[in-house]
Amino acid sequence: MATNGVPMPRSPLARILTDKKGDGICHDDSGKAVRAQTIDELHSLQKKRSAPTTPLEGAQGVFATLSEDERQRQQLQSISASLASLTRGTGPKLVRGDPAAKSAQAVSHVAHHHHVEAPTISVSDSSLKFTHVLYNLSSAELYELAIKYEKGSFITSSGALATMSGAKTGRSPRDKRVVIDETTQDELWWGKGSPNIEMDEHTFMVNRERAVDYLNSLDKVFVNDQFLNWDPQNRIKVRIVSARAYHSLFMHNMCIRPTLEELENFGTPDFTIYNAGQFPCNRYTHYMTSSTSIDLNLARREMVILGTQYAGEMKKGLFGVMHYLMPKRQILSLHSGCNMGKDGDVALFFGLSGTGKTTLSTDHNRFLIGDDEHCWSDNGVSNIEGGCYAKCIDLSREKEPDIWNAIKFGTVLENVVFDEYTREVDYGEKSVTENTRAAYPIEYIPNAKIPCVAPHPKNVILLACDAFGVLPPVSKLSLAQTMYHFISGYTALVAGTEDGIKEPTATFSACFGAAFIMLHPTKYAAMLAEKMQKHGATGWLVNTGWSGGSYGTGNRIKLAYTRKIIDAIHSGSLLNATYEKTEVFGLEIPTEIEGVPSELLRPENTWDDKHAYKNTLSKLACLFKNNFETFTNYKIGKGNKLTEDILAAGPNF
Ligand SMILES: Nc1ncnc2c1ncn2[C@@H]1O[C@H](COP(=O)(O)OP(=O)(O)O)[C@@H](O)[C@H]1O
Ligand SMILES: C=C(OP(=O)(O)O)C(=O)O
Ligand SMILES: [Ca+2]
Ligand SMILES: [Mn+2]
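Residues numbered from 1 in each chain as written. Chains lettered and ligands numbered in written order. Predicted model: local features only at pLDDT ≥ 70, side-chain atom pairs only at ≥ 80, totals over all residues. Heavy atoms only, no water.

### So, the coordination of the calcium ion (ligand 3)
Link 1 in the chain: The calcium ion (ligand 3) binds to the protein through Lys 316 (NZ) and His 335 (NE2); the donor distances cover 2.9 to 3.1 Å. With a gap of 19 residues between them, Lys 316 in helix 9 (residues 312-328) and His 335 in the loop between strand 12 (332-334) and strand 13 (336-340) connect regions that are remote in the sequence.
Link 2 in the chain: The buried category is assigned to His 335, whose relative accessible area is 4%. (Donors = N, O, S within 2.8 Å, 3.2 Å for Na, K, Ca; no water. Helix = DSSP H or I, 4+ residues; strand = E, 2+ residues; numbered from the N terminus. Buried < 20%, exposed > 50% of the residue type's maximum accessible area, 1.4 Å probe, protein only.)

So this is what it looks like as structure tokens:
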């Protein structure tokens, strides 16, 4: 109430006791005050310092021998050597971390102390700038950098990182070059049918310099130090230098992730990739026929990528290297998936792109060893990689739940289309490419077996997606037939991974991976025959393609039926089924399989037009025969017996 316009002083409020030992109404749970002088300092508390960890073995490492400073110095020195311009004789000035990060002072401090001066012959501006190294970052860090710097990076509703690979959405096998020198000239497979198109050492160095200069011109480069091959005795150390968070996360997922301890003792890599994919090669350079070049130099243990950002190029490039290194150690490298039953029975799944290696090796009732690249040594099978690379076109939760569920935080999703608002992916959409892909660490598949090694295979399944619709859904093969079909490496796809192939066509690709093998196909075939014989493995040919007519008339065999067929192979029940022999190809086909309509097992039953069936069958047989012509002069294995048997195991007409 006011008197004479003067406000009355308010009566003082009674004091509330906040003593913890008080009445308990108002107890203090805020704990100790945060120790920070400024907001920046407060925010700096958000991030706890730790080295990269692997999800596979937990975070406990032994930090012993080297101080953190010394370790970082050695790392930068090694990376600087990797990125050295060989014409100027210097490596770049390197610092760690994101150039946009606040801690610029701390960074230049590191740089002054840790940059190793190399003798500079001629000085150019490029030697005056710093390049920031982002070394073995975590998935979360790579997400942040992708979203910050790379157009086309988004988080999808399931938490995956959607990204675009640019103009190239598949591999470019015609742009692959291999350095020919005194050693490789004799060792490698050159000429007709070979994937190895030659280039000389000098041209390689020109492209290498182009890639290294491009990478050094950037503010930041990504460096991944990782492993290939789960067989500890034959593990290869790889370094991937790249310009995009997308590429770094892709390789983080696809190669084996080192533990803290392993990273500390990483040392010098056995092989290095320089991925300057955003930058084209120079078409005036000798041997270059386009602005894309993927160059392999086995003597230098290096690969250079120019003019393509398709990440699969790195994974398959390293696979080529393994196809060279492993056979030298009497180990067979395989373009196959692999899984293992609860009783330890192992199956390999060979096949060209899109035939079902990833889909069928990912089997909810079996342990996944790997989906694409393996080694078969005297100790059994080992996966080369640490991740899977699944096709996503028409992916459905019902048909492929394990792959569907793997597309979550950490997974790279290439070239998919999604809803602008909900960020839900439309897996049916092909407007960017038919070759949409997901790359995820193998442990995202719940029944993956870690470490990814397994005993000797019991079944060797050759997958063909026959768009002609004449191959039976399943046939049991003799050893000679297995070799014949392995060397042929047939499929007929409707749309492909390899750039430019969009029409249904028959493809023959020796060893189901001619694009990756380095030696003559008969070398791998002889090793496979020897191993299958020694370990008593059975060969099977499974058509995951068409039935009831060719592409356009018939339909693709239902995945559910193919799974039933594969189940019968795994269980051993198919080995004891009743068989009949087909005409022309002479394939042994079962008359019955549980859960599969019997008429499906005999292709001619499913065709309305029997005449068309016979014609198509003859046509395919001719294609097989023509393709095999190039191999008739080669001997496989020791005696002549196997070679003769293999030649007789093809179609007869
Ligand atoms: N009967 C079938 N068997 C296997 N895959 C099938 C079948 N029908 C359709 N598909 C589809 O074919 C594709 C096979 O691709 P994928 O497993 O990635 O091949 P690869 O790993 O050999 O390149 C998948 O998209 C899968 O859903
Ligand atoms: C990545 C590839 O593998 P696949 O299609 O066999 O899964 C490829 O061939 O480019
Ligand atoms: Ca492939
Ligand atoms: Mn695959």
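### Overview of the site of ligand 2
Link 1 in the chain: By nearness alone, ten residues border ligand 2, and Arg 171, Lys 316, Ser 353, Lys 357 and Arg 437 come closest of all.
Link 2 in the chain: A distance of 2.6 Å is found between an oxygen atom of ligand 2 and a side-chain nitrogen or oxygen belonging to Arg 171.
Link 3 in the chain: Interatomic distance of 2.9 Å between a side-chain N/O atom of Lys 357 and an oxygen atom of ligand 2.
Link 4 in the chain: Protein contacts shield 97% of the accessible area of ligand 2, which totals 290 Å² for the unbound molecule.
Link 5 in the chain: Its residues assigned to classes, the shell around ligand 2 shows one nonpolar, three polar and six charged. (Near = heavy atom within 4 Å. Polar contact = N/O pair within 3.5 Å; in protein donor to acceptor, adjacent residues only side chain to side chain. Areas by Shrake-Rupley, 256 points an atom, 1.4 Å probe, with all protein chains shown as cover. Nonpolar A, V, L, I, M, F, W, Y, C, P; charged D, E, K, R; others polar.)

### What about the domain arrangement of the protein chain?
Link 1 in the chain: Structurally, the protein chain comprises domain 1 (136-165 + 394-433), domain 2 (173-386 + 448-454) and domain 3 (459-568 + 591-648).
Link 2 in the chain: The C-alpha-based centres of domain 1 and domain 3 are spaced at 33 Å. (Domains from an automatic or database assignment.)

### A short note on the pattern of salt bridges
Link 1 in the chain: Considering all chains together, one arrives at 23 salt bridges under this definition.
Link 2 in the chain: Of the charged contacts, one joins Asp 372 and Lys 316 as a salt bridge, the two residues approaching to 2.8 Å between their closest N and O atoms. Residue Asp 372 is found in the loop between strand 15 (367-370) and strand 16 (374-377), and its partner Lys 316 is found in helix 9; the two are separated by 56 residues along the sequence. Side by side, Asp 372 and Lys 316 carry an identical accessibility label, which is buried.
Link 3 in the chain: Between Asp 645 and Lys 641 there is a salt bridge, and its shortest N-O distance comes to 2.6 Å. (Salt bridge = Lys/Arg side-chain N within 4 Å of Asp/Glu carboxyl O.)

### Topic: helix 4 (residues 139-149)
Link 1 in the chain: Listed in full, the buried residues belonging to helix 4 are Ser 139, Leu 142, Tyr 143, Leu 145 and Ala 146.
Link 2 in the chain: For helix 4, the secondary structure elements touched by its buried residues are strand 2 (130-135), strand 3 (154-155), strand 4 (161-163), strand 7 (220-228) and helix 7 (245-254). (Contact = heavy atoms within 4.5 Å.)

### Quick notes on the confidence of the model for the protein chain
In regions of low pLDDT, the predicted coordinates are not meant to be interpreted in detail.
Link 1 in the chain: On average, residues of the protein chain score 89 in pLDDT, and 87% of them are at 70 or above.
Link 2 in the chain: No element of the protein chain has a lower mean pLDDT than helix 3 (residues 104-114), at 35, and none a higher one than strand 14 (residues 346-350), at 99.
Link 3 in the chain: Note that residues 20-26 has pLDDT below 50 and, in this model, two contacts with residues that lie over four places away or in other chains.
Link 4 in the chain: Here residues 53-63 is a poorly scored stretch, pLDDT under 50, and it has 17 contacts once near neighbours within four places are set aside; other chains count.
Link 5 in the chain: Among the scores for the predicted complex, ipTM is 0.95 and pTM is 0.89. (pLDDT = per-residue confidence, 0-100.)

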